[in-house]
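The chain contents come next:
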Amino acid sequence: MKYAVTAATGRLGSKVIDNLVKLVGTENVVAIARNEEKARQMLPAEVEVRIADYTNKSQLVSAFQGVDHVLFISSQPGQEVSRAQQHTTVVEALREAQVPFVAYTSFPDAPHATSALADDHKLTEKLLDESGLTHSVVRNNWYLENDLDFLQAGLSGLTTYWANGRTGWALEAEYAEGAARVLVAENPKPVYEFGGQLRTYAQLGEELNVALREHGKPAAQVEQVSQADYQAGLVKNAHVDEATAALFASFQESANSGSLEVASNDLPELLGHELTPIPQAIAQLLSL
């Protein structure tokens, strides 16, 4: 059995590769990436590297040859070629290569999510459903790493947020292990909703202070502000321009819209253990 991971040099992809090596051995793992030099530098030496870009169907079809299970990691939005077009090309290549099983990293409860970030995932899930390919969708909630700036600000004594709603934060490494386990599962479910216990930003701030106190650091003041004030604070304190500040502020919109409020035990159940407690995970990310 050959197991392939697309976007293999990305943060998630490289972690999935590491987990697959542990589960099935390097000889059974294929890394699909755009940059061969980067892949050789980052990934285990004996892992086979195949080069393919999401915009090049012929490359993708070649990269998928002889592979039994593929983890299709969603691309980043905002590129020259739209994510919708990239994903359409990948699904067409998977179908043309007749890949026996595909797992796709999607968005929480994508078909019903109101966040704009979910739109391309809705399309991709639909394309996979219509493709005839046997597949699972792995709907990842929020990586704790996505809010590293919020956590790091606490070290200076004050951290702010603007969004309401609850989020299922967990470490990216745990999502990666979950994805690897879906890929090697004998009878994977059609849909996995991956994430941690649902929390508000206020509750995440409380967990941050638990971590700080446990490591002898002073607690932070955690304040909710308006979205406009949050954005203005980024311009003033992070020294970024208005457009960049607006982009950073928008990252909390998915939480505010309720799109991340999807409760599920799929991730700890598949891993066979509880997720890393949030204060411990925060301490790890902040190197406390």
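The sections below set out a description of the structure shown in this document. In this convention, every chain numbers its residues from 1, walking through the sequence in written order. Only residues with pLDDT of 70 or above have their local features reported here, since the model is predicted, and side-chain atom pairs are shown and tallied only from 80 upward, although totals for entire chains, interfaces and linings are computed over all residues. In computing side-chain properties, one takes all heavy atoms of the structure into account and sets aside hydrogens as well as water.

Runs of E in the DSSP output that reach at least two residues are strands. Runs of H or I that reach at least four are helices, and both are numbered from the N terminus. Helix and strand counts for the protein stand at 13 helices and 9 strands. Put simply, the radius of gyration uses C-alpha atoms, and a globule should come to 2.2 Å times the residue count raised to 0.38. The C-alpha atoms of the protein give a radius of gyration of 20 Å, which matches the 19 Å a tight globule of 288 residues would have. With respect to the three principal axes, the spread of C-alpha positions in the protein is 55 × 35 × 35 Å. Burial status across the protein gives 50% buried among its 288 residues. Two residues form a contact once any of their heavy atoms are found within 4.5 Å. A fraction of 74% describes how many contacts in the protein between residues 6 or more apart in sequence connect residues 24 or more apart. Buried, partly exposed and exposed residues are distinguished by accessible area as a fraction of the type maximum, computed with a 1.4 Å probe on protein chains only: under 20%, between the cut-offs, and over 50%, respectively.

Regular strands place their side chains on alternate faces of the sheet. Most of strand β6 (residues 135-140) is tucked away, with 6 of its 6 residues classed as buried. Side chains His-135, Val-137 and Arg-139 of β6 all project onto a buried face; the interleaved residues Ser-136, Val-138 and Asn-140 project onto the opposite face, where all are buried too. Note on pairing: two strands pair once DSSP finds at least 2 bridges between them. Looking at chain direction, strand β5 (residues 101-106) and β6 are connected through 5 bridges and run parallel. If you follow Ala-103 over to β6, its bridge partner there is Ser-136. A crossover counts as right-handed when, viewed with the strands pointing away from the observer, the path leading from the first strand over the helix to the second turns clockwise. One crossover worth recording links β5 to the parallel β6 by way of helix α5 (residues 119-131), and it is right-handed.

A separate point is the packing of helix α9 (residues 227-237) against helix α10 (residues 242-250). It is at 9 Å that the axes of α9 and α10 come closest, and there the two elements cross at 130 degrees. One element, α9, and the other, α10, form an angle in the oblique class. Considering only the axes of α9 and α10, their crossing is right-handed. Across from Tyr-230, Gln-231, Leu-234 and Val-235 in α9, the residues of α10 making contact are Glu-242, Ala-245, Ala-246, Phe-248 and Ala-249. Note on residue categories: nonpolar means Ala, Val, Leu, Ile, Met, Phe, Trp, Tyr, Cys or Pro, charged means Asp, Glu, Lys or Arg, and polar means any other residue, Gly included. Across the contact of α9 with α10, the residue classes break down as 7 nonpolar, 1 polar and 1 charged. Here an angle of 0 to 180 degrees is reported between the N-to-C directions of two axes, which are lines fitted to C-alpha atoms, with helices fitted over the stretch in contact. By the definition adopted for this analysis, an angle is roughly parallel if under 35 degrees, roughly antiparallel if over 145, roughly perpendicular if from 65 to 115, and oblique otherwise. Helix crossings fall into two classes, left-handed where the near helix is turned counterclockwise from the far one by less than a right angle and right-handed where it is turned clockwise.

Moving on, we get to the packing of aromatic side chains. Each pair of aromatic rings taken from Phe, Tyr and Trp, with Trp reduced to its six-membered ring, is defined by centres within 6.5 Å and is described as stacked if the planes are under 30 degrees apart, edge-to-face if over 60, and tilted in the remaining cases. Scanning the model with the defined rule gives 9 aromatic pairs in all. Ring geometry for Phe-72 versus Tyr-104: centroids 4.9 Å apart, planes at 50 degrees, classification tilted. A residue pair is termed long-range when its members are at least 10 positions apart, and Phe-72 in strand β4 (residues 69-72) and Tyr-104 in strand β5 qualify at 32 residues. Here Phe-72 matches Tyr-104 in class, with each residue buried.

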